[in-house]
Number of protein chains: 2
Amino acid sequence: MPSVEVINCPKGIMRDLAEPYFDVWRLDRDSMIDHIEYMYHDLGVVRAWKIPRSTLRMFLLGVRERYQDNPYHNFKHCFCVTQMAYSIICKLRLRNKVSVDHLGALLTAAVCHDVDHPGLNNSYHCHARTPLAILYNYKSILEQHHFAVACRILSNKERNIFRNVNNRDEVLTNVGDLILATDLARHKEIMDTYRCNIDTGFDFKNSTHVLSLLKIIIKCADVSNEVRPETVASPWVDRLFAEYSEQSAREKRERLPVTSYMDPDVVNVPQSQEGFIRGIMLPMYDEMCRLASDARAYFISPLHDALLRYEIQSLRERGV
Amino acid sequence: MPSVEVINCPKGIMRDLAEPYFDVWRLDRDSMIDHIEYMYHDLGVVRAWKIPRSTLRMFLLGVRERYQDNPYHNFKHCFCVTQMAYSIICKLRLRNKVSVDHLGALLTAAVCHDVDHPGLNNSYHCHARTPLAILYNYKSILEQHHFAVACRILSNKERNIFRNVNNRDEVLTNVGDLILATDLARHKEIMDTYRCNIDTGFDFKNSTHVLSLLKIIIKCADVSNEVRPETVASPWVDRLFAEYSEQSAREKRERLPVTSYMDPDVVNVPQSQEGFIRGIMLPMYDEMCRLASDARAYFISPLHDALLRYEIQSLRERGV
């Protein structure tokens, strides 16, 4: 079994990899693969799942190949989400509390969570009544698709990192559940379940409890841009609204209902981000940090900084 | 709307296309696309669905690209099944009895019914507990996969032949039902439903009745090799057992249960084909031809010829 040392990943960068302030923009496509490989090694997943080195690499290359070249939903977004999930695992000190199967499922879900994203969201697919929407009965269309594409990649023997896992049904089912949890339409339901588990006493020995936590982690990681420093976050916000703008242009062209928060003629970016941080991010990160309140400095404080920035920006725009 | 005439398809071949004795081996990859295009035109599907010519072509090229290069389950098999489905439509005189939406769904299901087939059957996927098996809960694994891949191809706007169809949900759902019907594990259930409809009086105005007929047609087309002349059928039988042999070798290598009818050390090809014709094909084609008894000459007689050939071959092998 290859050791962590053999991985081509500069030491300096490795140290920062667990930090939410990690600068994802300085990595090229191949370094991102190296860094994800490192996470699988570091969390003990490679050893526990007996993944041959070439299999892990072939799997990650297969996934990268299937990410589309969208402004936002591309392989670098995949890397960011995976890195933030890893960072949360480290900052919440979950290594010894959560089983390696669960950690591996979380990493794998993060890696695959937007694979083959077409740059058009579920709402577009519903309104345009695309074949994918019909296939998945208008429910979590893209998320079901991401999981199906992940399964197809894994179906190639040389890319199947679960090949030597005994309870691979359970692990892969968890991966699917975690990818499906990234559908924001299910936000309330997932938050309620997790909050209930925390309120009644979170039990790390209860796998239902653990799975509800992992869903919160992948959800936090998926929308984590504003936790990052302004210089790292800001290009992501630009890219997100560039992708939104493309979608709303297409919706207009095809005479479909236009998703208002995407329409550059309507949306106010600072206000929109402020609303997202207040309404979605802060409540979710707050609940998550109840498991390790000292992690608040890493996740909650930067969110308040971002809020302040957007408030000032809004005031300026209104000429105050 | 382009007319049928503009299609690059030699007249002589076009005439034979509706015949079960059509020689599928003389067509190259591009001619197969031309011929399938012709079927969509000829059955009125292009006109009814307002399919732009480039869309139909892009769709078919997309499907062809996703057929793997297996000994048996390859694009030429797809062509054979589509051509036989078309032949059955013609010989059973269904053009004016079945709606164009149903005819189009049948053609499309035939075209897509084995797309991305990996050359390993459902039994292998179950025993090897592959990610696809887990994704589809060990039920009609490959068939669900073929339909999902078809939906992915159609999700590309330039390849979506359903784009201008009003009731595209219903049409695409029918395509899915027809692809799923090709799972031989569901043979008895599908035969029973169809037989019941015929026994109680088949009603072409009842879409449940029609769908049960279309399932029988795609099933008949899927296993139609032995309806074809010996020179056309024989290479298919060789290819089928070559693919089987590769699977059983892999099952042995991976210490999985070996599918006995695939094992070249165990199987007797003439006996196996005889059993398949008697047990599956003849009863199914018999029921199908109850709708137009004069079609028996095209489908039942060649099957009896094939049976006779295999019986003689078996006698010879036993040194009689």
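Scroll up to find the structure.
Reading the values: the criteria
Residues numbered from 1 in each chain as written. Chains lettered and ligands numbered in written order. Predicted model: local features only at pLDDT ≥ 70, side-chain atom pairs only at ≥ 80, totals over all residues. Heavy atoms only, no water. Helix = DSSP H or I, 4+ residues; strand = E, 2+ residues; numbered from the N terminus. Contact = heavy atoms within 4.5 Å. Buried area = accessible area lost by both parts, 1.4 Å probe. Salt bridge = Lys/Arg side-chain N within 4 Å of Asp/Glu carboxyl O. Polar contact = N/O pair within 3.5 Å; in protein donor to acceptor, adjacent residues only side chain to side chain. Nonpolar A, V, L, I, M, F, W, Y, C, P; charged D, E, K, R; others polar. Core = buried A, V, L, I, M, F, W, Y, C linked by side-chain atoms within 4.5 Å. Buried < 20%, exposed > 50% of the residue type's maximum accessible area, 1.4 Å probe, protein only.

*Asks:* Quick rundown of the environment of Val165(A)? Include the residues and the values.
*Replies:* Locating Val165(A) in the fold gives a position in the loop between α9 (141-154) and α10 (168-180). Among all residues touching Val165(A), those that are not within four sequence positions of it are Trp49(A) and Val171(A).

*Asks:* So what about the interface of chain B and chain A? Which residues, and what values?
*Replies:* Taken together, the 28 residues of chain B in the interface contact 28 residues of chain A. Between chain B and chain A the total buried area reaches about 2300 Å² when both faces are included, carbon and sulfur atoms providing 53% of it. Sorting the residues of chain B by area buried against chain A places Arg129(B), Pro131(B) and Arg152(B) first, and these three jointly supply 25% of that buried surface. The tally of links between chain B and chain A comes to seven salt bridges. For Arg152(A), the salt bridge goes to Asp116(B), with nearest N and O atoms at 3.0 Å. Seen at the junction of chain B and chain A, the total is 14 residue pairs in polar contact (both at pLDDT 80 or more). Listed by contribution, the elements that provide at least two residues to the side of chain B that touches chain A are α8 (131-135), α9 (141-154) and α10 (168-180) of chain B. With seven residues, α9(B) is the single largest residue contributor to the side of chain B that touches chain A. Counted by class, the side of chain B that touches chain A contains twelve nonpolar, six polar and ten charged residues.

*Asks:* Provide a residue-level description of the nonpolar core, including the pertinent values.
*Replies:* Core analysis: the biggest nonpolar cluster contains 107 residues, and Tyr40(A), Phe59(A) and Phe299(A) have the highest contact counts within it. At eleven residues, the largest contribution of residues to this core is made by helix α5 (residues 75-91) of chain A. Setting aside its immediate chain neighbours within four residues, Phe59(A) contacts Tyr40(A), Thr108(A), Val111(A), Cys112(A), Ile153(A), Leu154(A), Arg159(A) and Ile161(A). Ranked by size, the runner-up nonpolar core spans 106 residues in total, among them Ile89(B), Val165(B), Ile198(B) and Phe241(B).

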